[in-house]
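The chain contents come next:
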Amino acid sequence: MQPAIAETDTAFLDIADQELRRAIITEWERTMSTVNLTDVVCAVCGRSTPCSNILFVKPRKVPLHMLANLNLPEILQPMTYNRAAYDGAILHPKGLLDTEQRGDLRICQECRKPLLQKRLPRFALANWLYYAHERLPTEVGEAFRGATHMEKTLIARARASTISFKFSELKGHALEGTPSAVSQRCVKGNVAIHPQDATHLNQVLPPGNDIIRDTVCAVFVGETKPTKETIEKLRPVLVRKTRVKTMIEFLTLHNPHYKVSTEFRGYSQRNMDDLFGPGTRTVEEGVPCAMEIGCIAANEVLEAATDGYVPGSEAVPGPDDSGMLMETVGYVESDDSPMNYRDMSMRALTHCLNGGTFIQSQAGSRFIPDFENASLLAWLFPHLDPWGIGGFHEKRRLVPLSMDQQLKYLLAVDGSPFKEDPDFAFVYYNIQQKKAVLDSVTFRVPESQRKAVVGQLLKVNVKTLESMTQAFASDPHYTARNEEEAAILKLLIRVNTVAHDLPGSNGYKVMLRNQIRALINHEGTPTLFVTLNPSDRDHPLVRLYAGHEVDVEDHMRGEELSRWQRSIIAANHPSACARFFNTMISNFIRIVLRFGLPGRGLFG
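Overview of the structure. (Residues numbered from 1 in each chain as written. Predicted model: local features only at pLDDT ≥ 70, side-chain atom pairs only at ≥ 80, totals over all residues. Heavy atoms only, no water.)

### Brief notes about the overall build of the protein
A count of helical and extended segments in the protein gives 23 helices and 15 strands. Out of the 604 residues in the protein, the part that is buried amounts to 44%. At a minimum sequence separation of 6, the contacts of the protein that also span at least 24 residues come to 76%. In the form shown here, the protein has an accessible surface area of approximately 33800 Å², with 54% of it arising from carbon and sulfur atoms. (Helix = DSSP H or I, 4+ residues; strand = E, 2+ residues; numbered from the N terminus. Buried < 20%, exposed > 50% of the residue type's maximum accessible area, 1.4 Å probe, protein only. Contact = heavy atoms within 4.5 Å. Areas by Shrake-Rupley, 256 points an atom, 1.4 Å probe, with all protein chains shown as cover.)

### Brief notes about helix 18 (residues 483-494)
Residues three or four positions apart in an α-helix share a direction because the helix packs 3.6 residues into each turn. The end-to-end C-alpha distance of helix 18 is 17 Å, a good match for the 16 Å that 12 residues give at a rise of 1.5 Å each. Those residues of helix 18 that sit buried are E485, I488, L489, L491 and L492. One side of helix 18 holds all its buried residues, which, seen down the axis, span an arc of 160°. Of the exposed residues in helix 18, the ones pointing more than 90 degrees away from its buried face are E483, K490 and I493. Its side-chain oxygen 3.2 Å from the backbone nitrogen of E484, N482 forms the N-cap of helix 18. (Expected span 1.5 Å × (residues − 1). Arc of directions from axis to C-beta. Polar contact = N/O pair within 3.5 Å; in protein donor to acceptor, adjacent residues only side chain to side chain.)

### Some thoughts on the environment of R60
Take R60: it is sitting in the loop between strand 3 (54-57) and strand 4 (105-108). By relative accessible area, which is 67% here, R60 ends up exposed. Put simply, R60 and R102 are 42 residues apart on the chain and 9.6 Å apart in space, counted from C-alpha to C-alpha.

### Quick word on the nonpolar core
Core analysis: the largest hydrophobic core is formed by 88 residues, its most contacted members being L67, I107, L380, F424 and Y428. Residues L541, V550, C577 and M584 belong to the second largest nonpolar core, which totals 14 residues. (Core = buried A, V, L, I, M, F, W, Y, C linked by side-chain atoms within 4.5 Å.)

Dropping the structure here:
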């Protein structure tokens, strides 16, 4: 006989009463109001911060001398406010009530606490987190701000990803079917960023055609093949030689990470002359000849495979709209499958057998690796750190920062170009993933089997192992062809891959699945599934986070911008879109579901 079900077990099925609904709506409106969501800038760190986290502080109560950076050259010191009035402190002008003479400062609570203790705040601009973009020469600043996606690729010393451009004809546009010379606005683009296994350094800039060929490609989707004239009118892949030369010459003269040496020879006039192909030395603007360009005929199957699920996602520009919509898509390398773990084991074993160094870890020993390369940021994104003064793990910082801490900071600073760059977040997310693998993955064998396994490892034929590694790279379903290869595979099975709390790994997925099973066993199976899909294109909160002066309440009643204009804003402000999504989901969980709070939520 089945035991009776207690009344409390079905309490979650009760429908929320009117009082609870009104309370939830009132709290949601208050939380999502313009007054509550509008940010204020901290003068010390420059981050956009909720008003509730900001204090107004008298200048006499702030040790301004601690906020100066005397090691920063005078030509890089800020000029957007009267620095002398604030004792030479490096501050954000939006955090000052008066930029001409000494006045009150807006300071976030996180920065205020260490200042009260006479310590430099971790995220103070003076802690080598000021990038001096406004101190760039006028011509150079305009070159960096106006640089196309392709031009930024040509001035970077390092590359950690490959880039694919996709251009599609916009169905339903007023200019559809007209000559390409007048219909460039009915083209929509995507930028796909694919990670590489290792970062590659260029010895000269711009790089040679062989490197460009391996770095960038373009695909056109439409009913007709693009002509040379059509391609040369698509701005993201256009290159202007004088602009590229201006940026490279500035970097080699003023950025220490681009200093000419035996490893880096600086500007290459030969590569610049060959950029558009033979006989084009005097051509000023065009598309690099080495960039591979393909064309795919549009059809219903292709459109269905790439169709979105948001109503009206295929927005088209109106007669008065301008600009090309370029959406960015990033891909991450998967480190989670057993196939990849086997490949990692093979590579690690090959490295050791070839005489490479390795770490022996036993009980009691501890090794924590780290990616401490202060040059990497300037190498990958010279337009974001043009002076080379704010890299990750900058050795001159008085208060050290981890990569994670600095990444979060850069995406929170008011007016930061890091927030709007389409590549930065994707590239450094992959770098973080690689670092997580480096920190978390080890290869382990039981103590009882160590002697036998070591003996077998030393007998492995390195050439056979290398050929197997290449075979598995080209064919993941490769099987052993002889007894020697079968023995190697059997040996690798005995070398366990261990990943500690690595997101995306098999172990991490198993842990989450076990948690779900435990919840079902303890609480019962779910009775309701809720799917949220906040639309970053349509919600005015994205414009507010993007720095626009908008009233969220008024704009929720009607939007004066066209769908195309809103799409352009969302595509150009990825950080604002991410923050909007986080705000909507976290507030839904806290206010509507009341998770972790006393009392019931809308669904129980």
